Amino acid sequence: MIPFTKMQGIGNDFVVVDVLRDGLPEGDLAEISRAVNDRRFGIGGDGLILLEKGAGAPYQMRMFNPDGSESEMCGNGIRCLVKLLQEHGHTNEPNVDVETGAGVLSLAFTADGRVRVDMGSARLTRGEIPMTGPAEAMFIDQPLSEGYRGTAVSMGNPHVVIFVEDVASVNVAEIGAKLEHHPLFPRRTNVHFAQVLDSETILQRTWERGAGITLACGTGACAVGVAGFLTGRTARKVEIRLPGGNLDIEYVEDGRVLMTGPAETVFEGKFYD
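Read on for an overview of the structure. (Residues numbered from 1 in each chain as written. Predicted model: local features only at pLDDT ≥ 70, side-chain atom pairs only at ≥ 80, totals over all residues. Heavy atoms only, no water.)

1. Description of the overall build of the chain
The helix and strand inventory of the chain stands at five helices and 18 strands. Relative to its length of 273 residues, the chain is compact, with a C-alpha radius of gyration of 18 Å against a globular reference of 19 Å. Considered along the principal axes of its C-alpha atoms, the chain spans approximately 50 × 40 × 35 Å. Of the contacts made within the chain by residues no fewer than 6 positions apart, 60% connect residues no fewer than 24 positions apart. Element-wise, carbon and sulfur atoms account for 47% of the exposed surface of the chain, whose accessible area totals about 11,200 Å². Charge-centre separation for the chain: the mean point of 25 positive side chains lies 2 Å from the mean point of 37 negative side chains. (Helix = DSSP H or I, 4+ residues; strand = E, 2+ residues; numbered from the N terminus. Rg over C-alpha atoms; globule rule 2.2 N^0.38 Å. Contact = heavy atoms within 4.5 Å. Areas by Shrake-Rupley, 256 points an atom, 1.4 Å probe, with all protein chains shown as cover. Lys, Arg positive; Asp, Glu negative; His and termini not counted. Charge placed at Lys NZ, Arg CZ, Asp CG, Glu CD.)

In structure tokens form, the structure reads like this:
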């Protein structure tokens, strides 16, 4: 039996387990993630998130995709985790540090009830993303395949951003699945299709590595904001409009990325596997 909290950040939904309160689930975590995230036979979600005690910070987030693979980071997920920290009484501080696979991130509650995340610096070299090819080279608006050009960014996890004229016309399921496994990306990649409405507004659709089409992707929105600025399409501050809702992204001059958005609890329960 696994106590859990179902949470969502602009439609990106997660099964969150409070290990601090309820202990670590017994069994293989990859198998548990596949089971709980199944939308017909499980709870249903875009990922399994564990709230644990950190080593480099007071708290740690671990996140498993629906296919059982472990992800380095999840932008919408970490906002949910911090919301849970507050709701479960672990902290009432306005600022919280959380350890992730992408490093220690700093989060703060805003006056309107949203959560702002300092996502750290965007990584732009092939070696950091990672990609094949010269480790110090960047991949900005370069040919990919399927007739597309892409910009690669890591926010602790790999992303490729493709700007299109009409994001609604893209077959995200078909093209996203192919590009996730593109040979340029040895650890696979998240794939984002972006349409610029103006210098401060972008529409985004996403194919997430290990999850497929999702309503939102926080780290992906950060990558889209960075790619928009790097390719001269947008300003440093943009609103990213995703199917599940909107995120405010700022690509700071020192290279850091700030993401602000909501997080909500949907329900709590117990999963019997």
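2. Description of the state of the cysteines
By the definition in use, this model includes zero disulfides. The structure places no disulfide on Cys 74, whose sulfur is separated from the nearest cysteine sulfur, that of Cys 217, by 6.7 Å. As a non-bridged cysteine, Cys 80 has Cys 74 as the owner of its nearest cysteine sulfur, 7.8 Å distant. The exposure class assigned to Cys 80 is buried, which follows from its relative accessible area of 0%. (Disulfide = S-S within 2.5 Å. Buried < 20%, exposed > 50% of the residue type's maximum accessible area, 1.4 Å probe, protein only.)

3. Focus: the environment of Gly 210
In this structure, Gly 210 sits in the loop between β13 (201-208) and β14 (212-214). According to the relative accessible area criterion, Gly 210 is buried, its value standing at 13%. Put simply, Gly 210 and Leu 51 are 159 residues apart on the chain and 21 Å apart in space, counted from C-alpha to C-alpha. If near-sequence neighbours (up to four positions away) are discounted, Gly 210 is found in contact with Asn 65, Pro 66, Asp 67, Glu 180 and Arg 188.

4. Focus: unusual backbone geometry
Of the consecutive residues Ile 129 and Pro 130, the connecting peptide bond is found in the cis state with omega at -10 degrees. Structurally, Pro 130 can be placed in the loop between β8 (115-121) and β9 (142-143). At Arg 188, a position not held by glycine, the phi torsion is positive, near 65 degrees. Secondary-structure assignment places Arg 188 in the loop between α4 (172-180) and β12 (190-198). With a relative accessible area of 22%, Arg 188 lands in the partly exposed category.

5. Regarding the pattern of salt bridges
Counted by the stated rule, this structure contains 16 salt bridges. Note that Lys 178 is salt-bridged to Glu 174, the shortest N-O span being 3.5 Å. Of this pair, Lys 178 and Glu 174 both sit in helix α4, separated by four residues, roughly a single helical turn. Residue classification places Lys 178 among the partly exposed residues on the basis of a relative accessible area of 42%. With a closest N to O distance of 2.9 Å, Asp 254 and Arg 256 form a salt bridge. Shared partners join several salt bridges into a network, and the residues in it are Lys 6, Asp 13, Arg 39 and Asp 46. (Salt bridge = Lys/Arg side-chain N within 4 Å of Asp/Glu carboxyl O.)

6. A word on helix α5 (residues 218-230)
Across its 13 residues, α5 extends 19 Å between first and last C-alpha, which sits within 8% of the 18 Å expected from 1.5 Å per residue. Most of α5 is tucked away: 11 of the 13 residues are buried. Among the residues making up α5, those that are buried are Gly 218, Thr 219, Gly 220, Ala 221, Cys 222, Ala 223, Val 224, Gly 225, Val 226, Ala 227 and Gly 228. Where α5 ends, the next residue or the one after it, Gly 232, has phi of about 75 degrees, a positive value. (Expected span 1.5 Å × (residues − 1).)

7. A word on the packing of aromatic side chains
As enumerated under the stated definition, the model contains three aromatic pairs in all. A ring pair is formed by Phe 4 and Phe 267, whose centres lie 5.9 Å apart and whose planes are at 80 degrees; its orientation type is edge-to-face. Of the two residues, Phe 4 sits in strand β1 (residues 2-9) while Phe 267 sits in strand β18 (residues 264-271), which places them 263 residues apart along the sequence. The exposure class of Phe 4 is buried, given its relative accessible area of 7%. With a centroid separation of 5.9 Å and an interplanar angle of 65 degrees, the aromatic rings of Tyr 148 and Phe 193 are classed as edge-to-face. Here Tyr 148 is found in the loop between β9 and β10 (149-154), whereas its partner Phe 193 is found in strand β12, with 45 residues between them in sequence. Relative accessible area serves as the criterion here: at 0%, Phe 193 is assigned to the buried category. The ring of Tyr 251 has Arg 236 lying over it, and the distance from NZ or CZ to the ring centre is 5.2 Å. (Phe/Tyr/Trp six-rings, centres within 6.5 Å; stacked < 30°, edge-to-face > 60°. Lys NZ or Arg CZ within 6 Å of the ring centre and 35° of its normal.)

8. Observations regarding the environment of Tyr 148
The sequence separation of Tyr 148 and Ile 175 amounts to 27 residues, and the corresponding C-alpha distance is 10.0 Å. Residues within four places of Tyr 148 in sequence aside, it is in contact with Gln 142, Pro 143, Ile 162, Val 164, Val 170, Ile 175 and Phe 193.

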